[in-house]
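# Survey of secondary and tertiary structure
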Amino acid sequence: MLKVKNLHVNFGGIKAVKGISFTVDKGSIVSLIGANGAGKSTTLRTIAGIIKASKGDIEFEGNSILNNDTSKIVKSGITLCPEGRRVFPDMSVIDNLKIGAYLRKDSITDDINKIYEMFPILKHRSWQLAGTLSGGEQQMLAVARSLMAKPKLMMLDEPSLGLAPLVVNNIFDIIKEINQTGVTILLVEQNANKALKIANKAYVIETGEIVMEGTGKELLNNEKVKSAYLGKTK
Amino acid sequence: MQYFLEQCLIGISIGGAYALIAIGYTLVYGILRLINFAHGDIFMVAGYIMIFTTANFPIYISIPITIIATCILGVVIEKVAYKPLRTAPRMSIMISAIGVSYFLQNFATYLFTALPSNYPPIYFLKKQIHIGYLKTNMADILTPIITILLVLILIWILKHTKIGLSMRAVSRDYEAASLMGIKINNTISYTFAIGSILAAVGSILYFTNRASVFPYSGSMPGLKCFVAAVFGGIGSIPGALIGGFFIGLCETLIKAVGYSTFSDAFTFVILIIVLLLRPTGLFGEKIIDKV
Ligand SMILES: Nc1ncnc2c1ncn2[C@@H]1O[C@H](COP(=O)(O)OP(=O)(O)OP(=O)(O)O)[C@@H](O)[C@H]1O
Ligand SMILES: [Mg+2]
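Now for a quick tour of the structure. This one's a predicted model, so the numbers in the text were calculated from it and none came from an experiment.

## Some thoughts on the pattern of salt bridges
All names here are of chain A. Summed over all chains, the structure comprises 16 salt bridges over all chains. With a shortest N-O distance of 2.9 Å, K5 and E59 are connected by a salt bridge. Taken together, the residues span a long stretch of sequence, with K5 in strand β1 (residues 2-11) and E59 in strand β4 (residues 55-60) at a distance of 54 residues. Taking relative accessible area as the criterion, K5 reaches 34% and is therefore assigned partly exposed. The shortest N-O distance in the salt bridge between K201 and E213 comes to 3.3 Å. In this pair, K201 sits in strand β9 (residues 201-206) while E213 sits in strand β10 (residues 209-215), placing the two residues twelve residues apart along the sequence. A relative accessible area of 46% means that E213 is categorised as partly exposed. Here the salt bridges share partners, and the residues they tie into one network are R104, D106, D111 and K150.

Right under this line is the structure:
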């Protein structure tokens, strides 16, 4: 469904992504893990069209979407739930959901009801300003907002960042649930353990390059991954 | 007493025109974090467009033409002078705005000379009206009503339309807004369009009671409306509205008691006091710098 080929991204002189290639199959969950500054967010933001690539190609459903503008990319069915949630704090929860559906022309009432079923907490807070929600609630809102665009591929950048363990479990359950409704997931995470557990396929990124790949299980059992990302020693 | 009330009506009327212009400053600031120094001059150009169009068309045609032409002017200025500087430091785009301001003034001088040109009388607006023993004219009565009506429409647009939603999102967070599929540049154009439309309406109401336009007629009102926007809390629409009325009213009353010479200085004294007491103005949000 998504093919990233030899992607290079520079910020001025800094090479943040140096020839990354990976594929995301339709219906799967793919995780990218890696340390701080490895280039994970940069990769997602480039796919979303926020940053321009300097070299390489990105194909979505057979067409190159490289350096298309973000609006066009969202329209083609890719959304990014950004790092740090980035909900619109001075808008109500419901307005945040509406703006997630910005490009849609069909009726969204049904979808809002579905979202409220999936995230009951948001239903109770429908008219509350998003800025006054707790961190966990904001993350739910950010995911819900991304879902409102009816994506085929949903990218999530560190959805568990700064959340309590219980809420983290909750988020991962929701990601699985979304995947089961047929949405393909590309997940970036620091929480490697959880990210590998739900992944069909996973990639390890180090300083802008992919250094390992395999199924979630394979990487969970890999000694190098264990010591570097799972905090386990032999 | 009668004199005082009549002066109040005049003040409220000027204040309404100021409020319409102040909203333009506040909208553009909200979305670009830019003080659009050319805004007052757009207001002045709207005056000339009106003079030009009424010379050729009846009033009911020239008013819409003026509004549309001013709207286009605002959008084009943004595209030509500000858009190319989107990623440049904020100071550069500010300097560009000052440049546009001077350009419009010089261009108007070139086309129309520095002498005041007569503003076409809009008889309907000039009509004398008596309310009890108060004498006033249609423009003075209509200005605050039109102002408040337009502000209500604007608030409705911001709250209930997609364009409004996108304007609020872009004002807050460019990147998150584009991730929703919003085209940032289009949203910025809508903002300039709305701001310029309000300036055109403000210009018609303002110049009707002044009878002439010259190339610098935009600078003082422009500055005052900027002050009004800061007074109310730049970025806030209710703030700009109240700021506009407040400054219009104070200035007129000061003139009425015989201190005309100081009425302009007064505006700036207010700005300084407000900034000392409440750096974010009456309704200002805490200044959160864009990420
Ligand atoms: N806008 C930018 N300008 C300059 N350098 C940047 C910019 N954004 C990212 N970088 C650099 O690119 C590299 C990769 O950053 P990126 O945000 O992709 O890392 P990450 O893997 O998402 O890290 P984290 O886990 O901390 O979020 C870093 O060295 C970073 O400093
Ligand atoms: Mg990151």
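## Some thoughts on the site of ligand 1
Residue and element names in this part refer to chain A. Close contacts around ligand 1 come from 13 residues, with N36, K40, S41, T42 and Q190 the closest. Side-chain polar atom of K40 to an oxygen atom of ligand 1: 2.7 Å apart, as the coordinates give it. One nitrogen or oxygen atom from the side chain of Q190 is found 2.6 Å from an oxygen atom belonging to ligand 1. For the shell around ligand 1, the leading source of residues is helix α1 (residues 40-47), giving three residues. Residue classes in the shell around ligand 1 are distributed as four nonpolar, six polar and three charged.

## Notes on the nonpolar core
Counting residues in hydrophobic clusters, the biggest one holds 107 residues, and the most contacted among them are L2, F22 and L186 of chain A together with Y82 of chain B. By residue number, the principal contributor to this core is helix α1 (residues 2-32) of chain B, which donates 14 residues. By size, the runner-up hydrophobic cluster in this structure holds 49 residues, among which are L122, M140, I174 and V204 of chain A.

## A closer look at the packing of helix α10 (residues 219-232) of chain B against helix α11 (residues 237-256) of chain B
Residues and elements named next belong to chain B. As a packed pair, α10 and α11 sit with axes 7 Å apart at the nearest point and diverge in direction by 125°. Relative to α11, the element α10 is oriented oblique. For α10 against α11, the interelement crossing comes out right-handed. On α11, the residues that touch K224, V227, A228, A229, F231 and G232 of α10 are G239, A240, G243, G244, F246, I247 and E251. Taken together, the residues that form the contact of α10 with α11 break down as seven nonpolar, four polar and two charged.

## As for the coordination of the magnesium ion (ligand 2)
Residues and elements named next belong to chain A. Within the first shell, the magnesium ion (ligand 2) binds the protein through S41 (OG) and E83 (OE), at distances of 1.9 to 2.3 Å. Taken as a pair, S41 in helix α1 and E83 in the loop between β6 (78-81) and α3 (93-100) lie far apart in primary sequence, 42 residues in all. Of the residues examined, S41 reaches a relative accessible area of 18% and is grouped as buried. With relative accessibility at 33%, the residue E83 sits in the partly exposed group.

## A short note on a nonpolar patch on the surface
On the surface, F103, F107, Y110, L111 and F112 of chain B cluster together into a nonpolar patch covering about 560 Å² of accessible area. In this structure, F103 of chain B sits in helix α4 (residues 90-112).

## Some words on the layout of surface pockets
The calculated volume of the second largest pocket comes to roughly 690 Å³. Forming the boundary of the second largest pocket are 27 residues, of which D90 of chain A together with L158, R168, G235 and I237 of chain B lie nearest the centre. Breaking the lining of the second largest pocket down by element, the ones donating at least two residues are α1, α6 (138-160), α7 (162-172) and α11 of chain B. A breakdown of the residues in the lining of the second largest pocket according to their chemical character gives eleven nonpolar, nine polar and seven charged.

So, how was this worked out
Residues numbered from 1 in each chain as written. Chains lettered and ligands numbered in written order. Predicted model: local features only at pLDDT ≥ 70, side-chain atom pairs only at ≥ 80, totals over all residues. Heavy atoms only, no water. Salt bridge = Lys/Arg side-chain N within 4 Å of Asp/Glu carboxyl O. Helix = DSSP H or I, 4+ residues; strand = E, 2+ residues; numbered from the N terminus. Buried < 20%, exposed > 50% of the residue type's maximum accessible area, 1.4 Å probe, protein only. Near = heavy atom within 4 Å. Polar contact = N/O pair within 3.5 Å; in protein donor to acceptor, adjacent residues only side chain to side chain. Nonpolar A, V, L, I, M, F, W, Y, C, P; charged D, E, K, R; others polar. Core = buried A, V, L, I, M, F, W, Y, C linked by side-chain atoms within 4.5 Å. Axes fitted to C-alpha atoms, helices over the stretch in contact; angles between N-to-C directions. Parallel < 35°, antiparallel > 145°, perpendicular 65-115°, else oblique. Left-handed = near helix turned anticlockwise from the far one by under 90°. Contact = heavy atoms within 4.5 Å. Donors = N, O, S within 2.8 Å, 3.2 Å for Na, K, Ca; no water. Patch = residues over 30% accessible without salt bridge, like charges linked within 9 Å, V, L, I, M, F, W, Y side chains within 5 Å. Areas by Shrake-Rupley, 256 points an atom, 1.4 Å probe, with all protein chains shown as cover. 1 Å grid on protein atoms, 1.4 Å probe; cavity = no way out; pocket = protein on both sides within 12 Å on 5 of 7 lines; lining within 4 Å. Points joined across faces, edges and corners; volume = space filled by probe spheres on them.

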